[in-house]
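Fold and contact review
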Amino acid sequence: MAEFFRTSAIWIVDYRFDGRPRRWWRAAPVGNDPSAALAAELAALYGSRAQLEQVRLATAEEEQAYVRGETAPNLYCPLARSEAKR
């Protein structure tokens, strides 16, 4: 894919929810650091139960896995848990 067509970047958001590690994959416009917006989103969704740990750009390998839909499911989701056991 030609780089001049890219308008967004994939960001990895690591946070803790009730003390357990969690991860989001988010797309954001190129050139913007979404840390503040993501921290505000976590606070709006979970209040004090979530603590932001790290926001970073995805590596090339992580980005390709995200595009192909190969990211790990959230194992706290009952449906993902049943899929992970298969």
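The sections below set out a description of the structure shown in this document. All residue numbers here refer to positions counted from 1 along the written sequence of the relevant chain. Per-residue local features are limited, in this predicted model, to residues with pLDDT of at least 70; the limit for side-chain atom pairs, both in listing and counting, is 80 or more; totals at the level of whole chains, interfaces and linings are taken over all residues. Only heavy atoms go into the side-chain values, all of them from the structure, while hydrogens and water stay out.

Structural notes on the overall build of the protein chain
- Only DSSP runs of H or I covering at least 4 residues are called helices, and only runs of E covering at least 2 are called strands; the numbering of each starts at the N terminus. The helix and strand inventory of the protein chain stands at three helices and three strands.
- Starting at the N terminus and walking to the C terminus, you meet the elements of the protein chain as β-β-α-β-α-α.
- Only protein chains enter the accessibility calculation, which uses a 1.4 Å probe; a residue is then buried when its area is under 20% of its type maximum, exposed when over 50%, and partly exposed in between. By residue count, 26% of the 86 residues in the protein chain fall in the buried class.
- The contact criterion used is simple: two residues touch if any of their non-hydrogen atoms lie within 4.5 Å. A separation of at least 24 residues holds for 46% of the contacts in the protein chain among residues at least 6 apart in sequence.
- Approximately 6,100 Å² of the protein chain is accessible, and the part contributed by carbon and sulfur atoms is 56%. Only the protein chains shown count as cover for residues, and all accessible areas are computed by the Shrake-Rupley method using a 1.4 Å probe.

Digging into the nonpolar core
- Buried residues of nine kinds, namely Ala, Val, Leu, Ile, Met, Phe, Trp, Tyr and Cys, make up a nonpolar core once their side-chain atoms join them within 4.5 Å. Among the nonpolar cores identified, the biggest contains eleven residues, and these are Ala-9, Trp-11, Val-13, Tyr-15, Phe-17, Trp-24, Ala-28, Leu-38, Leu-42, Ala-50 and Val-55.
- Elements with a minimum of two residues in this core: strand E1 (8-17), strand E2 (20-29), helix H1 (35-46) and strand E3 (50-57).
- If you tally residues by element for this core, the top one is E1, at five residues.
- Ignoring any residue separated from it by four or fewer positions in sequence, one finds Ala-28 in contact with Thr-7, Ser-8, Ala-9, Trp-11 and Pro-34.

Side note on the pairing of E1
- Along E1, eight of the ten residues are buried, which leaves the element largely enclosed by surrounding structure.
- With ten bridges connecting them, E1 and E2 associate as antiparallel partners. Following the sheet pairing, Trp-11 is matched in E2 by Arg-26.
- Each pair of strands is called paired provided DSSP finds at least two bridges between the two strands. Linking E1 back to E2 in an antiparallel pair, the connection comprises two residues, with Asp-18 at a positive phi of about 50 degrees.
- Two strands pair when backbone bridges link them, and E1 and E3 are joined in this way by seven bridges, in the antiparallel orientation. Its bridge partner being in E3, Asp-14 is matched across the sheet by Gln-54.

Structural notes on the side chain of Glu-62
- Within the secondary structure layout, Glu-62 lies in helix H2 (residues 60-68).
- Any pair of N or O atoms that falls within 3.5 Å is considered a polar contact. Within protein, one atom must be able to donate a hydrogen and the other to accept it, and sequence-neighbouring residues count only if both atoms are side-chain atoms. In terms of polar contacts, Glu-62 uses its side chain to reach the backbone amide nitrogen of Thr-59, at 2.9 Å.

Structural notes on the sheet that holds E3
- The three strands are arranged E2-E1-E3 in an open sheet whose pairing can be described as antiparallel. On the outer flanks of this sheet lie E2 and E3, each paired with one strand and no other. In this sheet, neighbouring strand axes are inclined to one another by 25 degrees on average, regardless of whether the strands run parallel or antiparallel. The axes are straight lines fitted to the C-alpha atoms, using for helices just the contacting stretch, and the angles between their N-to-C directions are given from 0 to 180°.

Re H1
- Helix span, as expected, comes to 1.5 Å for every residue beyond the first. Look at H1: 16 Å from first C-alpha to last across twelve residues, which is about the 16 Å you get at 1.5 Å a residue.
- Of the residues trailing H1, Gly-47 is marked for its positive phi of about 65 degrees.

Observations regarding the environment of Pro-34
- Its location among the elements puts Pro-34 in the loop between E2 and H1.
- Filtering out sequence-adjacent residues up to four positions away, Pro-34 remains in contact with Trp-11, Ala-28 and Val-55.

In short, geometric facts, not functional conclusions.
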